[in-house]
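Examining the three-dimensional arrangement
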Amino acid sequence: MSKKQIAILIIAVAVAVAAASVGTAYVVVTGNSELALDGAGDEFTASARIDGLLPGQSSTSEYKAHAPADAVFTILLSGGASDDLGRYLDVTVSVNGNALYSGNYLSCRGVIFTADVSGDFTFSITYSLPQSVGNSAQGKECSVTARCTLHEKTSG
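Below is a short write-up of the structure. Note that the structure is predicted; figures quoted are calculated from it, not measured. (Residues numbered from 1 in each chain as written. Predicted model: local features only at pLDDT ≥ 70, side-chain atom pairs only at ≥ 80, totals over all residues. Heavy atoms only, no water.)

Before going further, it helps to spend a moment on the overall build of the chain. Along the backbone of the chain there are two helices and eight strands. Every one of the 156 residues in the chain was classed for burial, and the buried ones make up 36%. For the chain, the share of sequence-separated contacts (at least 6 apart) that also reach a separation of at least 24 residues comes to 80%. For the chain, the exposed area adds up to about 8,800 Å²; of that, 52% sits on carbon and sulfur atoms. (Helix = DSSP H or I, 4+ residues; strand = E, 2+ residues; numbered from the N terminus. Buried < 20%, exposed > 50% of the residue type's maximum accessible area, 1.4 Å probe, protein only. Contact = heavy atoms within 4.5 Å. Areas by Shrake-Rupley, 256 points an atom, 1.4 Å probe, with all protein chains shown as cover.)

It is worth spelling out the pattern of salt bridges at this point. As enumerated under the stated definition, the model contains three salt bridges in all. Taking the shortest distance from any N to any O, the salt bridge between Glu141 and Arg49 comes out at 3.5 Å. In this pair, Glu141 sits in strand E8 (residues 141-152) while Arg49 sits in strand E3 (residues 43-51), placing the two residues 92 residues apart along the sequence. A relative accessible area of 39% means that Glu141 is categorised as partly exposed. For Arg49, a relative accessible area of 36% puts it in the partly exposed group. Across the pair Asp116 and Lys153 runs a salt bridge whose closest N-O atoms are separated by 3.1 Å. Here Asp116, found in strand E7 (residues 112-128), pairs with Lys153, found in the segment after E8; they are 37 residues apart in sequence, far enough to count as distant. Linked by salt bridges that have partners in common, Arg49, Asp51 and Glu141 make up one network. (Salt bridge = Lys/Arg side-chain N within 4 Å of Asp/Glu carboxyl O.)

Below you can see the structure in the form of structure tokens.
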């Protein structure tokens with residue numbers, strides 16, 4: 001490899017690393033990288049610290065799950081407050097790409113959302129700041145916890 005090719009490769013790697021870190025730096029999610037839920041009675045908790053999110057930006061955390069039979073998936077979001085970023089934050093909670101909720105975070109905090117599921121499915125949480133927020137959210141942050149459960153579906 002010539003010196004010019006090596007220099008171009010180094011620059012390309014540096015740009016890719018910088019771009020990746022810019023896109024993910026504002027939300028730190030801890031959670032299970034395998035199946036988040038794998039059967040009735042399973043529970044899963046994921047915490048996200050949202051900070052540095054700019055107006056017009058969003059970040060999505062997606063998880064895989066499996067229900068061996070017909071089941072009910074529940075998700076409850078908690079944390080955040082009216083004096084932190086939670087006041088400005090929008091959230092979309094989806095199961096298999098279908099939104100269970102999309103709107104202001106504080107309006108859905110503490111509400112249990114449910115969806116009927118069976119077999120393999122995904123669920124996601126998207127955090128975003130509306131473009132209209134402007135500078136009022138600057139320097140604010142919040143933490144959100146998602147508590148998810150898979151319940152056996154009862155007939156009747």
